[in-house]
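Structural description and commentary
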Amino acid sequence: MDPRNYRMRVDTNKCTGCRHCEMACSMVHNQDKANYHRARIRVIDLGDRFLPLMAGPYVSEIEECASKKLVKVGDKVYDQCCLCRASCPNKSIFKEPDSGIPLKCDFCAFREEGPACVQVCASGALSLVKIKEETEEEV
Amino acid sequence: MFGWNGKLLRVNLSNGVMREELLAEEFLEKFLGGCSLATEIARAEGASGEESKVVFACGPLTGTGAPTAAFCNMAVWREGQEVCAPVLLHFGPELKYCGYDALVIEGEAPEWCYLLIVDGEVRIVPAGEIQGYTSSETEGFIRSFYRKWYGNEIRIVSIGPEGEADSSLGAIATDGLLLNQTGGLGNALGQKRLKAIGLRGTFDLKLAKPAGFQALITDMIAEFRAKREEIFNSIHQIFPRLDIPLFIEIHHGDIEKRACMACPIACLHQKNDKFLPNSTVCFCFGELLEISEIEKALDLYDFCVAEGIDPVALSITLRLLMEMKEIKALDVDIEIGDVQGIKELVRNKDSVLHKGSFRLAKEHGAEDILQGIVKKIEDMREIIWKGLGVSHEQRQVIERLGLCPYVLMIFSFDKIIDLFEMATGKKVSI
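Residues numbered from 1 in each chain as written. Chains lettered and ligands numbered in written order. Predicted model: local features only at pLDDT ≥ 70, side-chain atom pairs only at ≥ 80, totals over all residues. Heavy atoms only, no water.

**As for the overall build of chain B**
When you go through chain B residue by residue, the secondary structure sums to 18 helices and 16 strands. A compact globule built from 430 residues would reach a C-alpha radius of gyration of about 22 Å, and chain B, at 21 Å, matches this within 12%. With respect to the principal axes defined by its C-alpha atoms, chain B has extents near 65 × 55 × 45 Å. Counting the 430 residues in chain B, one finds 59% classified as buried. Relative to all contacts within chain B whose residues are 6 or more apart in sequence, the contacts with residues 24 or more apart total 68%. By element, 49% of the accessible surface of chain B is carried by carbon and sulfur atoms, the whole surface being about 16,900 Å². Between the averaged position of the 46 positive side-chain charges in chain B and that of its 63 negative side-chain charges there is a distance of 4 Å. (Helix = DSSP H or I, 4+ residues; strand = E, 2+ residues; numbered from the N terminus. Rg over C-alpha atoms; globule rule 2.2 N^0.38 Å. Buried < 20%, exposed > 50% of the residue type's maximum accessible area, 1.4 Å probe, protein only. Contact = heavy atoms within 4.5 Å. Areas by Shrake-Rupley, 256 points an atom, 1.4 Å probe, with all protein chains shown as cover. Lys, Arg positive; Asp, Glu negative; His and termini not counted. Charge placed at Lys NZ, Arg CZ, Asp CG, Glu CD.)

**Side note on a negative patch on the surface**
A contiguous patch of negative charge on the surface is contributed by D331, D333, D338 and E344 of chain B. By the secondary structure assignment, D333 of chain B is in the loop between α13 (311-326) and α14 (339-347). (Patch = residues over 30% accessible without salt bridge, like charges linked within 9 Å, V, L, I, M, F, W, Y side chains within 5 Å. Salt bridge = Lys/Arg side-chain N within 4 Å of Asp/Glu carboxyl O.)

**Some points on the pairing of strand β6 (residues 76-79) of chain A**
Residues and elements named next belong to chain A. Of the strand pairs in this sheet, strand β5 (residues 70-73) and β6 are connected by 4 bridges, and their pairing is antiparallel. When the bridges of β6 are listed, K72 appears paired with V77. Hairpin connection from β5 to β6: 2 residues lie between these consecutive antiparallel strands, with G74 at a positive phi of about 65°. (Pairing = 2+ DSSP bridges.)

**Here we look at the interface of chain B and chain A**
Taken residue by residue, the interface counts 42 residues in chain B and 41 residues in chain A. Linking chain B with chain A are 3 salt bridges. We note a salt bridge from E153 of chain B to R42 of chain A, for which the minimum N-O separation is 2.0 Å. Taken together, the links from chain B to chain A amount to 18 residue pairs in polar contact (both at pLDDT 80 or more). Elements with a minimum of two residues in the side of chain B that touches chain A: α3 (91-97), α5 (148-151), β13 (205-206), α8 (210-226) and β14 (256-258) of chain B. If you tally residues by element for the side of chain B that touches chain A, the top one is α8 of chain B, at 8 residues. Of the residues belonging to the side of chain B that touches chain A, the class tally is 19 nonpolar, 9 polar and 14 charged. Sheet topology note: the strand β2 (residues 33-34) of chain A/β13 of chain B ladder contains 2 bridges and is antiparallel. Along β13 of chain B, the bridge assignment pairs A34 of chain A with L205 of chain B. (Polar contact = N/O pair within 3.5 Å; in protein donor to acceptor, adjacent residues only side chain to side chain. Nonpolar A, V, L, I, M, F, W, Y, C, P; charged D, E, K, R; others polar.)

**Quick word on the packing of helix α11 (residues 279-288) of chain B against α13 of chain B**
Residue and element names in this part refer to chain B. Interhelical geometry of α11 versus α13 gives an angle of 15° and a closest axis separation of 9 Å. Of the possible angle classes, the one that applies to α11 and α13 is roughly parallel. At the point where α11 passes α13, the crossing takes the left-handed sense. Here α11 contributes T280, V281, C284, F285, E287 and L288 to the contact with α13, which in turn contributes P311, V312, S315, I316, R319 and M322. Class assignment of the residues belonging to the contact of α11 with α13 gives a composition of 8 nonpolar, 2 polar and 2 charged. (Axes fitted to C-alpha atoms, helices over the stretch in contact; angles between N-to-C directions. Parallel < 35°, antiparallel > 145°, perpendicular 65-115°, else oblique. Left-handed = near helix turned anticlockwise from the far one by under 90°.)

**What about the pattern of salt bridges?**
Residues and elements named next belong to chain B. Tallied over the entire structure, the rule returns 40 salt bridges over all chains. With a shortest N-O distance of 3.4 Å, K7 and E20 are connected by a salt bridge. Note that K7 is positioned in strand β1 (residues 7-12) and E20 in strand β2 (residues 18-22), a separation of 13 residues in sequence. D175 is the salt-bridge partner of R155, the closest N and O atoms lying 3.7 Å from each other. Here the residue R155 occupies a position in strand β9 (residues 155-159), and D175 occupies one in the loop between β10 (172-174) and β11 (177-178), the gap between them amounting to 20 residues.

**Some details on the sheet that holds strand β4 (residues 72-78) of chain B**
Residue and element names in this part refer to chain B. Read across the open sheet, the 6 strands follow the order β2-β1-β6-β3-β4-β5; overall the sheet is mixed. Each edge of the open sheet carries a strand with a single partner, namely β2 and β5 (81-87). Direction aside, neighbouring strands of the sheet carry axes that sit 20° apart on average. Pairing of β1 with strand β6 (residues 102-106) involves 5 bridges; the strand directions are parallel. Among the inter-strand pairings, L9 is bridged to a residue of β6, identified as L103.

**Overview of the nonpolar core**
One finds F56, L103, I197 and L314 of chain B to be the most contacted residues of the largest nonpolar core, which totals 157 residues. Here this core takes 9 residues from α13 of chain B, the largest share from any one element. When near neighbours in sequence (up to four residues on either side) are disregarded, I197 of chain B contacts F56, F91, L103, I105, L115, R155, I156 and V157 of chain B. Counting residues in each nonpolar core, the second largest holds 23 residues, with L46, L51, C81 and F94 of chain A among its members. (Core = buried A, V, L, I, M, F, W, Y, C linked by side-chain atoms within 4.5 Å.)

**Looking at the state of the cysteines**
Here, the word disulfide means a covalent bond between the sulfur atoms of two cysteines. Residue and element names in this part refer to chain B. In this structure the tally under the stated criterion is 1 disulfide over all chains. Here C35 is linked by a disulfide to C84, with a sulfur-sulfur distance of 2.0 Å. Taking the sign of the S-S torsion, about -110° here, the bridge from C35 to C84 comes out left-handed. Separated by 49 residues along the polypeptide, C35 in helix α2 (residues 34-48) and C84 in strand β5 bring together distant segments of the chain. C84 sits in the partly exposed class, given a relative accessible area of 22%. Just so you know, C58 is unpaired, no disulfide at all, and the nearest cysteine sulfur is the one on C72, 4.0 Å from it. Just so you know, C404 is unpaired, no disulfide at all, and the nearest cysteine sulfur is the one on C267, 6.0 Å from it. (Disulfide = S-S within 2.5 Å.)

**Brief notes about the side chain of D310 of chain B**
Residue and element names in this part refer to chain B. Of note, D310 is situated in the loop between α12 (294-307) and α13. Buried and without a salt bridge, D310 has R381 as its closest oppositely charged side chain, separated by 8.6 Å. The residues contacting D310, other than those within four sequence positions of it, are L169, A171, L179, N180, Q181, T182 and G183.

Purely geometric stuff here, so don't read any function into it on its own.
In structure tokens:
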């Protein structure tokens, strides 16, 4: 599967916070270890809903961090740090717990079946969308 | 050792001594986990000392990502009797990620405190100011010292005001969920002046055959997704047979599903960010307390959540009092279906209600009445299991492995045993 042709669709209304995705991710990337801190997807508890968040690129906090802002979605106000996909010096999420090396979602490019998190998502909150088809649909 | 960590953490609140102890593989293989392991440790601890110690213990599959493997059991051995109940959501898996299969808490803290095991560091944090807090206030207090995303990763069990009192109704709550049938367990923490336990672990759980384990889980989830509608239809067909109108009405409409760790079923329901009472609580409110209006039932449940009272233990005790009043064995000012009266009775700390059903029945020779009340609840649950064709023995094994017995609603017993063997590399002895 070529990850460049796909994107992940996240439906927070369906996510139940079971964190199966985190466990599957940590298992396929670390062979014999179950540890959600090694996962490249994390389910963030926003209080009123769960947000499955895929690890994005590393950013330098000083130059690019915008996490001090608050984001208003509908009536709710969220701390942008909770919504941010970046691995950054400011938080230990998306970092190998032993070495501190930043982690980034690779869409499980090494697996024929595609991302492990999508495969084990029982609620349907995570799904894979082919970019090309999506564009055609939108057109 | 695979699946288990092979370690126990002992925390003495009196002198602040914390000690890691090794758990023998043979011992873990014999008792596996769940109530079996928790009560065995509690029994052994109880036999050696005079005071009741609190034990939390997990099964070999807890936290591995096996479907529904979320259970941790809390046990206390008191007056020669075991009291044990499962802790749901994410507390059990987090205990495993902290590097322990079991946690033993002994002694009594000199002042109110909470226990924090975060990133490999164990601390007893004095916090007199949280005395009297509700469980959600306590959780908020502990998390307020951290950034929001980090704080939410700390999994907490805590007690409310009732758990602090000399009562048998004090329950424990975890991450906003009041745990039913933990009546008295909350008071075991309260007696130690331990308001809460917070966990965040970063350790790995090692599995014997990880590739096969993950492949089997992926197959199981695929099977679940293919049969999802069929499975939920069969589950929903059981509820009309249970005859709990309150449950059907309360859980009707716009509900949000919440899952314990790695659970595809997600049987916990929320409305407006608040957990709803489950089928057992609705049955107790409807059948034992004869509350038929939703507003009254939710009002009583919210009261239980705020005070940290086990709604099942409360219902059983109130029913016992009502029946004892009927036969004039005891004079209590309580009327059927009177929620306001129930609240006032609970607030009266001198009320006999706080003795709990077990002690009251013993004192007044009403064991038969109590048995009859408890049997009603057991019969209701048996209807669920019979409807699903699940045997009592299978449920016990599943629970000892650290899984929720509801997993048998969606997966075969044999597949769970396969998961155990791939996780631990051992054969299960039933």
